[in-house]
Amino acid sequence: CVSDGPRTLSVDCGGTGMKSAVLDASGSPVSTRVRVRTPYPCPPAVFVDTIERLASGAGVDFDRVSVGMPGLVRHGVVRWTPHYVTESGPFSPIRSDLALLWQDLDVRSLLESQLGRPTRVVNDAELAGLSVISGRGYEVMLTLGTGLGFAHFSDGAVLPKIEVSAAPFRKGSTFDERLGHHARKAHGSKTWSREVHRALRRLYAVFSWDRAYLGGGGSKHLRVRVDEYVTLVGNHAGLLGGVRLWDEANALGVIDPRPATDG
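All residue numbers refer to position in the chain's written sequence, counted from 1. Confidence filtering applies because this is a predicted model: local features only for residues at pLDDT of at least 70, side-chain atom pairs given and counted only at 80 or more, and all residues used for totals across whole chains, interfaces and linings. Side-chain metrics rest on all non-hydrogen atoms present in the structure, leaving aside hydrogens and water.

A. Representation of the pairing of strand β2 (residues 17-23) in the model. For every residue, the accessible area obtained with a 1.4 Å probe (protein chains only) is divided by the maximum for its type, and the residue is called buried under 20%, exposed over 50%, and partly exposed between those limits. Secondary structure elements follow DSSP: runs of H or I no shorter than four residues count as helices, runs of E no shorter than two count as strands, and numbering proceeds from the N terminus. Judged by how many residues are buried, β2 sits mostly within the fold: seven of seven residues are covered. Neither face of β2 is exposed, since G17, K19, A21 and L23 on one face and M18, S20 and V22 on the opposite face are all buried. Alignment of strand β1 (residues 8-13) against β2, held across six bridges, turns out to be antiparallel. Bridging across to β2, T8 finds its partner in L23. Note: two strands are recorded as paired if DSSP finds a minimum of 2 bridges between them. Joining the antiparallel neighbours β1 and β2 is a turn of three residues. As judged from the four bridges shared by β2 and strand β3 (residues 34-37), these two strands associate in the antiparallel manner. The residue bridging S20 from the neighbouring strand is V34, located in β3.

Here's what the structure looks like:
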């Protein structure tokens, strides 16, 4: 039985792949999950066209759009994004022309114009966190993918973004470089899992969260047991937060301050 209410196209944009599904008002999928490889180079026009292709591939209509993407995103505007500014994907050379195109880009407005639907854009870890947090106390969402995603919440409200992924971790490398897919494939899941466990302990010493959630595609490759203050969640979280982004946006502090386009 499909829930009454608006349908949401939820899009999870990563450094290596972009996936989408249409969700009903309860957060249940009403379309097949569509996934494509992230195209590179990826200027904004290519990014928007790819999301339009995902929307077309859903096969069902939708009323609104939720997008999670890597980097620092505030009110639908990209302040900084790590992968889409590179020549050929994560950890390849940054192109200055792409960096200029992405800086301070109003992605929300671009997508609304292209898709003809009201749209909200947040960081991908924030979107994933919205699907799993309890809304009580200080909670952290960590995602293992192309790099390390991080979002944090206080009593359900999204807190200002911190780019933990870009911080130094070990041996001159960042959290992204030591915990992403590239590192796992280079060193093997066992060694990589120990690095993840070490990172979780270091981050807990800094943030002292009440509860952390660990997800993303990389989480299925863990070969060590995580500590009791971390809850493993499925990779589905990246999409299922799309409904809650709209339903609880006022309480969660993610409403865009500009006039709404959806009445």
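Structure shown, so let's carry the discussion forward.
B. Structural context of the sheet that holds strand β14 (residues 211-215). Read from one edge of the open sheet, five strands run β11-β10-β9-β14-β15, paired in mixed fashion. Strand pairing shows two members of the sheet lacking a second neighbour, β11 (157-158) and β15 (230-232), which therefore form its edges. Pairing of β14 with β15, which is carried by three bridges, proceeds in the parallel orientation. Opposite L214, over in β15, you have L232 as the bridge partner. The contact rule is simple, with two residues in contact once any of their heavy atoms fall within 4.5 Å. Every axis in this analysis is a line fitted to C-alpha atoms, fitted for helices over the stretch in contact. Angles between the N-to-C directions lie between 0 and 180 degrees. Relative to strand β9 (residues 138-144), helix α7 (residues 189-207) is tilted by about 155°, and along the sheet it contacts β9, β10 (148-154), β14 and β15.

C. Main features of the pattern of salt bridges. By definition, a salt bridge exists where a carboxyl oxygen of Asp or Glu is found within 4 Å of a side-chain nitrogen of Lys or Arg. This model, assessed by the stated rule, comprises 10 salt bridges. The salt bridge involving E112 is made with R108; its shortest N-O contact spans 3.2 Å. Taken as a pair, E112 and R108 lie in helix α3 (residues 107-115) at a separation of four residues, close to a single helical turn. Per residue, the accessibility class of E112 equals that of R108, and both read buried. Linking E195 and R170 is a salt bridge whose minimum nitrogen-to-oxygen distance equals 2.8 Å. With E195 in helix α7 and R170 in strand β12 (residues 168-170), this residue pair connects regions lying 25 residues apart in the sequence. On the basis of relative accessible area, E195 is assigned to the buried category, the value being 6%.

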